[in-house]
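Fold and geometry: a report
Each chain, written out:
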Protein chains: 2
Amino acid sequence: MAKQVVPESARRRRRPTQQGTVLSERLIVHTALRVLREHGSTGLTARRLGTALGADPSTLYRYFAGMDDLTRAIGEELMGQALDSWSATGEWRTDLRALGVAIHSSYLAHPQAAALTASRVTGRPREIAVDETILGILRTAGFPDPTAVRLYHAFIDLSLAFAALDAGALALAEEARATDEEMWTSTYARLPADSYPHIAATARLLAARMPHSAYPAVLDTLLDSAAAQLAAVRPTATTRNRPAGRKPRPAGER
Amino acid sequence: MAKQVVPESARRRRRPTQQGTVLSERLIVHTALRVLREHGSTGLTARRLGTALGADPSTLYRYFAGMDDLTRAIGEELMGQALDSWSATGEWRTDLRALGVAIHSSYLAHPQAAALTASRVTGRPREIAVDETILGILRTAGFPDPTAVRLYHAFIDLSLAFAALDAGALALAEEARATDEEMWTSTYARLPADSYPHIAATARLLAARMPHSAYPAVLDTLLDSAAAQLAAVRPTATTRNRPAGRKPRPAGER
DNA sequence: ATCCTTATGCCAACACAGTTGACTCTACAT
DNA sequence: ATGTAGAGTCAACTGTGTTGGCATAAGGAT
């Protein structure tokens, strides 16, 4: 492999494509997101992306080491969008919840990309920035380091895991509408009531609840538990001591 | 597509392969698990599986509609192994926890297969059996139907999501030992302390905690919350009352 | 303004993927 | 004992990621 990928910052010459497009990491990633949305989570191919960009497929290898590398960059982009849509208020529980919801929403906004990307730890800058932010919130709130690390771990894994799961389900539903969505809605209804009495008894409730995400509810129980732990450590302060004067929107998402 | 996949039950003739193997759905799925373990989560190909079975790749299409169908069957196998390794005691919390851990363990026992499979809802028998079991435990324990359904939803999604996430991380670590595991351990340590003070301050704790799964801890907080809700409905029975401070909060979602 | 270097985009080709249609042959019902 | 059709095989198709070699124009140096 004689070829080297030139890092974006060191890129000097921008030579337009035969079809006129001027490439960049940014443009490629954004186009990839579009292709994913249009062609599904398995529809991102080097050739298709090349066509969408108006460039030869092999040109991509000047920007990314391979499709896998590009995939990681897409994940990083999703994480970046989550971070951008979030802003701190100083109240730990509010901030943590908003950040979690921002991550979840950012993934669900690009289900196909998320399904492809999620559960890949990239170690790229924006992802690390999220980690630093979470730890900062927890430690500033007064959690002792071991507790903070435990909560950080639970929080980030919970959020990523649900983002992946829900995005996967959403992507599947959007792609194979004929096959899978029908399966989803009809699966429970079609089951023989005598073999599956409990499912039969709750079929209506199931059909109503399953299309929604369980993430917010589970996140809240985690935050409840965290608040209880914090109260045990600092019985006096915790959630009560906010200035109460200023209340910037808790992270507009979507 | 003129070809039809004959369901396993209706299969009459078992003609040995040129190399002597007698095929079956079971054998194919088990061999696929072995191939996955040996060649990684992207290493399961029709040709490779054919070779491993001593059969022509196209023979697989007599048993499965395509590689995607085979993938679903593999997921179903994992779910079946989880269910087989579990047994009920009658105590709802014990049973639920054990079932969750069984699912999680079953996936982690085949990380590559899990990474490929997870977050695919199959709608196959064993998966539905798990759903029925969970709902049965909750309803028998005395949870009102709406609460039972809410908890079922949170429980199964939480378990599947973490199974997928943890299996993905494990598979990645086992496959690309040179690339990613090093990245994992060294990522946090290498960061400049002035840009990422919180990560730097907790680097040791992070390195100790991150290789483990957060699933058990999160599952327990969910079960805590469930127990509290049950106590509110049936104050007399089951678990002891919660430590008086918190009300379970009905967990509004979205 | 002109030249040189070389980064960057393009082309052709590789091995390998999933999948299918036509075929052979043998296991079984009769 | 025989006929049938279902299981396994073969060859071929399209499409995939990826690479080595090549042409060319962008941009710094003069």
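Thresholds, definitions, all that
Residues numbered from 1 in each chain as written. Chains lettered and ligands numbered in written order. Predicted model: local features only at pLDDT ≥ 70, side-chain atom pairs only at ≥ 80, totals over all residues. Heavy atoms only, no water. Near = heavy atom within 4 Å. Polar contact = N/O pair within 3.5 Å; in protein donor to acceptor, adjacent residues only side chain to side chain. Nonpolar A, V, L, I, M, F, W, Y, C, P; charged D, E, K, R; others polar. Least-squares fit on C-alpha atoms with pLDDT ≥ 70 in both. Contact = heavy atoms within 4.5 Å. UniProt positions renumbered as here; feature names shortened; annotations may be inferred. Helix = DSSP H or I, 4+ residues; strand = E, 2+ residues; numbered from the N terminus. Core = buried A, V, L, I, M, F, W, Y, C linked by side-chain atoms within 4.5 Å. Buried < 20%, exposed > 50% of the residue type's maximum accessible area, 1.4 Å probe, protein only. Domains from an automatic or database assignment.

All right, on to the protein's contact with DNA strand C then. Around DNA strand C lies a shell of 28 residues, among which Arg13, Arg15 and Arg62 of chain A together with Ala46 and Arg47 of chain B are the nearest. In DNA strand C, atoms within 4 Å of the protein come from the sugar-phosphate backbone in 45% of cases. At 2.9 Å from a phosphate oxygen of DNA strand C is found a main-chain nitrogen or oxygen belonging to Gln18 of chain A. With respect to DNA strand C, the backbone of Met67 of chain B contributes an N or O atom lying 2.9 Å from a phosphate oxygen. A breakdown of the residues in the surface near DNA strand C according to their chemical character gives nine nonpolar, seven polar and 12 charged.

For these two chains of identical sequence, chain B goes onto chain A by a turn of 180° and a shift of 0.0 Å along the axis, with RMSD 0.1 Å. Taken together, these values place the two copies in the relation of a two-fold axis. Both copies share a contact surface, since 91% of the interface residues of chain B are interface residues in chain A too.

With that settled, the discussion passes to the UniProt feature "DNA-binding region" (unreviewed entry) in chain A. Summarizing the sequence annotation, UniProt attributes the feature "DNA-binding region" (unreviewed entry) to residues 45-64 of chain A in the numbering used throughout. Along residues 45-64 of chain A the backbone is 40% helical and 0% strand, and the end-to-end C-alpha distance reaches 14 Å.

Further remarks concern the nonpolar core. The biggest cluster of nonpolar side chains holds 139 residues, and the ones touching the most others in it are Trp92 and Leu158 of chain A together with Trp92 and Leu158 of chain B. Two domains each put at least three residues into this core: domain 1 (8-65) and domain 2 (87-239) of chain A. Apart from the residues within four sequence positions on either side, Leu158 of chain A is in contact with Tyr215, Val218, Leu219 and Leu222 of chain A together with Leu158, Phe162 and Val218 of chain B.

Taken together, the neighbourhood of DNA strand D is formed by 31 residues, with Arg15 and Arg47 of chain A together with Arg15, Ser58 and Arg62 of chain B sitting nearest. Here DNA strand D approaches the protein such that, of its atoms within 4 Å, sugar and phosphate make up 45%. Residue Ala46 of chain A places a main-chain N or O atom 2.7 Å away from a phosphate oxygen belonging to DNA strand D. One of the side-chain N or O atoms of Tyr63 of chain B is found 3.1 Å from a phosphate oxygen in DNA strand D. Classifying every residue of the surface near DNA strand D gives 11 nonpolar, seven polar and 13 charged.

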